[in-house]
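# A structural walkthrough
If you want the building blocks of each chain, they are given just below.
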Amino acid sequence: MLPEEISMELKKICIKELDDFIRSDWFHTLPDKPISSFRVNSYLKNPHALPDDPVLYFLKEDNRIWAYRTVFAGRLINDENRFAWLSGNWVHPDYRRKGLSEQLLKEIIVDWKKRLVFTNYAPASLCLYQKTQQFFSFYEACGRRFYLFAKTQKLFHKRYPKFSFIWKLVDRFICLFASVKVLSFRRKDNKKFVFEKMDWPDDECYELTEIQKQKYLFSRGKEELQWILANPWISTSDKKFVESYAFSSFSHQFEYRTVKVFQREKFIGFMLWSIRDGHLKLMIKLFNIDCNPLLSSLARYLVREAVDEKLEVMTVLDSELAHAIQKQTNPFLFSKGIDHHFYSSFAIDNKHLKIQDGDGDYIFS
């Protein structure tokens, strides 16, 4: 129940209602929209979704939405019982710390029969989830974030807008320092392995994805990968949700890259990452051989990619690969550790199954 002083109407939108909802006149008049058309397109084409799945929850009053949550369906490998990924939680500043977000979460827990999973969360959201005592961590990776042509204006401007002129000066110094480090960086050719870069996975990549998917916890084979890549949550041309939607919807650069790896002309696997406004995030590392002998070569290739693309930031959540990059002679100005957790509200046995960096909603943005 909501606090007595708050009388809001709870609404739930299921998959089959989503398209009509975002086309409605009321949706277009909302100053705070609870979902973008890009997410809607993705939710509608989710191979694990069913028409009656509730995926958007919100509380409204006086024709305004004051709090909302979104979820999307997922499935564990070899398990027909689906679950919901928690992804997207917002409360209007005037109504925060009044229990609205928790009320919506309770509705989701009931509707999805206590089968929820989340990752890629904000600290405030994690506090709420832990407060409910419904969730526990079942997986943790210790990755790293590497900084090269980093921009302090992106990192600190929102928190310290008065110091904008300082960030500009600092960024000029960082650019100069990074350029010197890049010039002095010695490249080493990968003699054992050949790397072939392309925009999208090809048939060999998809075939390997299907063969290897039984080794991974979350059901993401060829069908799921094609769905994800064809329906990103970020647009590089449409800004219509920038001011009205609380989550990312637009970037000047957003693209997926695939790199196939060959050993003696034999295809052995591939990596897939996204690059968004100078930030590379590794999503998938999939091979049909033991990866340990490969790590130094993969690390070296990623370092070269950072240099060639003049990246601002590179995030690798895979613990072993992140450590291999850190050990390499590299031009990064500095790096920091990144703890990556997965939480669930139901028992998950992942002792013999792997997890990819991009699992959950991380791969979409």
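Anyway, here's the lowdown on the structure attached to this text. Since we're looking at a predicted model, the values are computed, not measured.

### Looking at the overall build of the protein
Within the protein, the regular secondary structure consists of eleven helices and twelve strands. Taken over the C-alpha atoms alone, the protein extends approximately 65 × 55 × 35 Å along its principal axes. When burial is assessed residue by residue, the protein has 54% of its 365 residues classed as buried. The long-range share in the protein, meaning contacts at least 24 apart out of those at least 6 apart in sequence, stands at 72%. For the protein, the distance from the average site of its 56 positive side-chain charges to the average site of its 47 negative ones is 7 Å.

### Comments concerning the pairing of strand β12 (residues 334-344)
With two bridges connecting them, strand β5 (residues 116-118) and β12 associate as antiparallel partners. Each residue of the ladder has a partner; that of Phe118, found in β12, is Tyr343. In the sheet, strand β6 (residues 136-147) pairs with β12 via eleven bridges, with the strands oriented antiparallel. In the sheet register, Ser137 faces β12, and the bridge partner there is Tyr343.

### Considering empty space enclosed by the protein
Throughout the structure, instances matching the rule amount to two cavities of 30 Å³ or more. Approximately 200 Å³ is the volume found for the largest cavity. Within the residue set of the lining of the largest cavity, elements represented by two or more residues are α8 (203-212), α9 (222-230) and β10 (279-287). Residues that form the lining of the largest cavity fall into these classes: eight nonpolar, four polar and three charged. By volume, the second largest cavity amounts to about 70 Å³.

### Thoughts on the pairing of strand β4 (residues 82-91)
Across the ten residues of β4, eight count as buried, placing the element largely inside the fold. Sheet analysis places strand β3 (residues 64-75) next to β4, joined by eight bridges and oriented antiparallel. When the bridges of β4 are listed, Phe72 appears paired with Trp85. In textbook terms, the turn of a hairpin is the stretch between consecutive antiparallel strands, and for β3 and β4 this stretch comprises six residues, one of which, Asn78, has a positive phi near 60°. Sheet topology places β4 next to β5; two bridges connect them, and they run parallel. When the bridges of β5 are listed, Trp85 appears paired with Val117. Since β4 and β5 lie parallel, the crossover through helix α4 (residues 100-111) that links them has a hand, and here it is right-handed.

### Some thoughts on α9
An α-helical turn contains 3.6 residues, so a residue and the one three or four places further along point in the same direction. Of all the residues in α9, the buried ones are Glu224, Leu225, Trp227, Ile228 and Leu229. Turning to α9, the residues buried within the fold contact α3 (37-45), β3, α8, β8 (254-263), β9 (266-276) and β10.

### What about the packing of α4 against helix α5 (residues 123-132)?
Orientation of α4 relative to α5, taken along the N-to-C sense of each, is 60°, at an axis distance of 11 Å. When the axes of α4 and α5 are compared, the pair comes out oblique. The chirality of how α4 crosses α5 is right-handed. Where α4 abuts α5, its residues Ser101, Glu102 and Leu105 lie against Leu128, Tyr129, Lys131 and Thr132. Each residue belonging to the contact of α4 with α5 can be placed in one class, and the counts come to three nonpolar, two polar and two charged.

### Describing the pattern of salt bridges
Should the charged atoms of two oppositely charged side chains come close, the side chains can pair. Taken as a whole and assessed by the stated rule, the structure comprises 22 salt bridges. Linking Lys16 and Asp52 is a salt bridge whose minimum nitrogen-to-oxygen distance equals 2.6 Å. Residue Lys16 is located in helix α1 (residues 15-23), and its partner Asp52 is located in the loop between α3 and β2 (54-61); the two are separated by 36 residues in the primary sequence. Sharing partners across several salt bridges, the network here consists of Lys197, Glu255, Arg257, Glu305 and Glu309.

### A few points about α4
An ideal rise of 1.5 Å per residue puts 16 Å on twelve residues; α4 measures up with 17 Å between its terminal C-alpha atoms. Taken as a whole, α4 has its buried residues at Leu100, Ser101, Glu102, Gln103, Leu104, Leu105, Ile108 and Ile109. Close packing links the buried residues of α4 with β1 (9-14), β2, β3, β4, β5 and α5. One or two positions beyond α4, positive phi appears at Lys113, with a value near 55°.

### Some words on the packing of α1 against α3
Viewed as axis vectors pointing N to C, α1 and α3 meet at an angle of 155°, and their least axial separation amounts to 10 Å. In this view, α1 runs roughly antiparallel relative to α3, as classed from their interaxial angle. Taken as a pair, α1 and α3 cross one another with a handedness that is left-handed. Within the contact between the two elements, α1 uses Ile15, Leu18, Asp19 and Ile22 and α3 uses Ser37, Val40, Tyr43 and Leu44. In terms of residue class, the contact of α1 with α3 is built from six nonpolar, one polar and one charged.

Rules behind the numbers
Residues numbered from 1 in each chain as written. Predicted model: local features only at pLDDT ≥ 70, side-chain atom pairs only at ≥ 80, totals over all residues. Heavy atoms only, no water. Helix = DSSP H or I, 4+ residues; strand = E, 2+ residues; numbered from the N terminus. Buried < 20%, exposed > 50% of the residue type's maximum accessible area, 1.4 Å probe, protein only. Contact = heavy atoms within 4.5 Å. Lys, Arg positive; Asp, Glu negative; His and termini not counted. Charge placed at Lys NZ, Arg CZ, Asp CG, Glu CD. Pairing = 2+ DSSP bridges. 1 Å grid on protein atoms, 1.4 Å probe; cavity = no way out; pocket = protein on both sides within 12 Å on 5 of 7 lines; lining within 4 Å. Points joined across faces, edges and corners; volume = space filled by probe spheres on them. Nonpolar A, V, L, I, M, F, W, Y, C, P; charged D, E, K, R; others polar. Right-handed = clockwise from strand over helix to strand, strands pointing away. Axes fitted to C-alpha atoms, helices over the stretch in contact; angles between N-to-C directions. Parallel < 35°, antiparallel > 145°, perpendicular 65-115°, else oblique. Left-handed = near helix turned anticlockwise from the far one by under 90°. Salt bridge = Lys/Arg side-chain N within 4 Å of Asp/Glu carboxyl O. Expected span 1.5 Å × (residues − 1).

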